[in-house]
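Now for the letters of each chain:
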Amino acid sequence: MHVGIVGGGAVGLTVAGDLAERGSAVTLYERDRLGSGASGRAAGICYDAFADPTDAAVATRALERYREWGLLSPCPYVWVAREAQDARAVREQVAEMRALGLDVEEITPEALGERYPAVETGGLAACAVANDAGTVAPDAVVDHLADRARAVGATVYTGTPVSLADPTTVAMPDGRETTFDAVVVAAGPATKPLLAALDIPLALETYRAQVLVTEPVAAALPSLYDASREFYWRPRDGGILVGDGAHAVDPAEWDPAADPEFVQSTRERFRGATALDPAVGRSWAGLCTATPDRDPLVGQVADGCWVATGWQGHGLMRAPALGEYLAEQLRGTTSTIDAPLAEQFDPTRFDGDERFHPLGDPTADW
């Protein structure tokens, strides 16, 4: 079996390595450098704190593989709420997650403050922690997956933008074409126009997310998501990566530099949530893809043509599991994950002409 893969992010590289390791011939095409899209700009937070059984199974498997590869640094994932409605949701989520066997627990704001004195706990109504969570370094993930894919025989082209002449034929910039037994398109926002050229519609929209990384701090912090204020952070490179400021964009016209307003407001928000006031070291923006129901599109869209996109910011976190799943589907073997992935993530579950706001804003004019 000869498989062509379009897209050199974490998902495409995982598929390439898993297929080549099992004897398939694999050729991967990346239009820029490996990890130049969402994978290289990701926050790198990994957790299993999902109340949905399928999402939890995917996350658990992804964590397992990251540990096997030596890429996961243990770091608890905390999520907090300030409003009564959000607090009820946190408590319900913890109960559902524990019923799935996940190592999560609700803790009091006081207990959170004792564990992490730098966290300002005043005003918190509910707190929960996922103890099996961790973080990964995006560049290290991409490098590992690329080395692994090449080591087991995959051919990897970089700086090579391609198009699809038909569902199983990849056209190179110089006009050469290669027909494969199957083609996987895992090209982030570019997945939609690549398939649109073949009249294969996808229910996919793009949004731009921004993050900053502070200068090093002396305090210990977990990864944390504030459900009421809708921002997050994680320790990174001695400092703290803080994310917020997402909005819809045209993927053909976007700025990879973070907005000055975002940097200022996010720094103020972080300062108000902790006892810390570090300077900003660097910041950036990246593109993420979304679907109407916030579940990804992973599976076959035409004879011999498969897609993996629509990660809603969770692509790097899910890559080891869903890349493995896609490789198993292509080879016709039993899925390692015992969950209804084919039904929940079926890329043909939408008509493909849906208009929706990628961030779930019902007031948006789309």
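Structure shown above.
Draft legend 1. Structural detail: the sheet that holds strand 4 (residues 73-74). Within the open sheet, the 3 strands sit side by side as 3-8-4. Their pairing is antiparallel. Strands with a single pairing partner mark the edges of an open sheet, and in this sheet they are strand 3 (45-46) and strand 4. One ladder, built from 2 bridges, connects strand 4 with strand 8 (residues 134-135); its direction is antiparallel. If you follow P74 over to strand 8, its bridge partner there is G134.

Draft legend 2. Layout of the packing of aromatic side chains. This model, assessed by the stated rule, comprises 8 aromatic pairs. Taking the centre distance of 4.0 Å and the plane angle of 10° together, the rings of Y47 and Y77 count as stacked. Linking Y47 in the loop between strand 3 and helix 3 (53-68) with Y77 in strand 5 (residues 77-81), this pair joins segments that are 30 residues apart in sequence. There is no split in this pair, since Y47 and Y77 are both buried. With a centroid separation of 6.1 Å and an interplanar angle of 85°, the aromatic rings of Y66 and W69 are classed as edge-to-face. When sorted by exposure, Y66 lands in the same class as W69, which is buried. Grouping aromatic residues by their ring pairs yields a cluster made of Y47, F50, Y77 and W79. Against the face of F50 rests R318, its NZ or CZ located 6.0 Å from the ring centre.

Draft legend 3. Structural detail: the sheet that holds strand 12 (residues 177-179). Overall, antiparallel pairing links the 3 strands, which are arranged 10-11-12 in an open sheet. Both outer strands of the open sheet, strand 10 (163-166) and strand 12, are each paired with one neighbouring strand and no more. In this sheet, neighbouring strand axes are inclined to one another by 30° on average, regardless of whether the strands run parallel or antiparallel. Judged from the 3 bridges that link them, strand 10 and strand 11 (residues 169-171) form a sheet pairing that is antiparallel. Bridging from a neighbouring strand, L164 pairs with V170 of strand 11.

Draft legend 4. Main features of the packing of helix 3 against helix 9 (residues 315-331). Axis separation between helix 3 and helix 9 bottoms out at 7 Å; the angle between their running directions is 95°. As summarised for this structure, helix 3 and helix 9 are arranged roughly perpendicular, according to the angle between their axes. Judged by residue contacts, D55, V58, R61, A62, R65 and Y66 of helix 3 engage L316, M317, R318, P320, A321, L322 and E324 from helix 9. Looking at the contact of helix 3 with helix 9, its residues break down into 8 nonpolar, no polar and 5 charged.

Draft legend 5. Geometry of unusual backbone geometry. Look at D237: it is not a glycine, yet its phi comes out positive at around 55°. Tracing the sequence through the fold places D237 in the loop between strand 16 (231-236) and strand 17 (239-248). Looking at D237, the relative accessible area reads 60%, which means it is exposed.

Draft legend 6. A look at the pattern of salt bridges. Under the criterion given, the structure shown has 21 salt bridges. Across the pair D277 and R271 runs a salt bridge whose closest N-O atoms are separated by 3.2 Å. By relative accessible area, R271 is classed as partly exposed at 34%.

Draft legend 7. Inspection of the environment of P235 at higher detail. Of note, P235 is situated in strand 16. Distance in space between the C-alpha atoms of P235 and V217 is 9.3 Å, their sequence separation being 18 residues. When sequence neighbours within four positions are dropped, the list of residues in contact with P235 reads C75, L221, P222, S223 and I240.

Draft legend 8. Geometry of the nonpolar core. Ranked by internal contacts, the top residues of the largest apolar core, which has 72 residues, are I5, Y47, Y66, Y77, W79, V141 and L322. Top element by residues in this core is helix 9. It accounts for 9 residues. With sequence-adjacent residues up to four places away left out, W79 is seen in contact with A49, V90, Q93, V94, M97, V104, A126, C127, A128, V129, A130 and Y225.

About the criteria used
Residues numbered from 1 in each chain as written. Predicted model: local features only at pLDDT ≥ 70, side-chain atom pairs only at ≥ 80, totals over all residues. Heavy atoms only, no water. Pairing = 2+ DSSP bridges. Helix = DSSP H or I, 4+ residues; strand = E, 2+ residues; numbered from the N terminus. Phe/Tyr/Trp six-rings, centres within 6.5 Å; stacked < 30°, edge-to-face > 60°. Buried < 20%, exposed > 50% of the residue type's maximum accessible area, 1.4 Å probe, protein only. Lys NZ or Arg CZ within 6 Å of the ring centre and 35° of its normal. Axes fitted to C-alpha atoms, helices over the stretch in contact; angles between N-to-C directions. Parallel < 35°, antiparallel > 145°, perpendicular 65-115°, else oblique. Contact = heavy atoms within 4.5 Å. Nonpolar A, V, L, I, M, F, W, Y, C, P; charged D, E, K, R; others polar. Salt bridge = Lys/Arg side-chain N within 4 Å of Asp/Glu carboxyl O. Core = buried A, V, L, I, M, F, W, Y, C linked by side-chain atoms within 4.5 Å.

Don't take any of this as a statement about function, it's just geometry.
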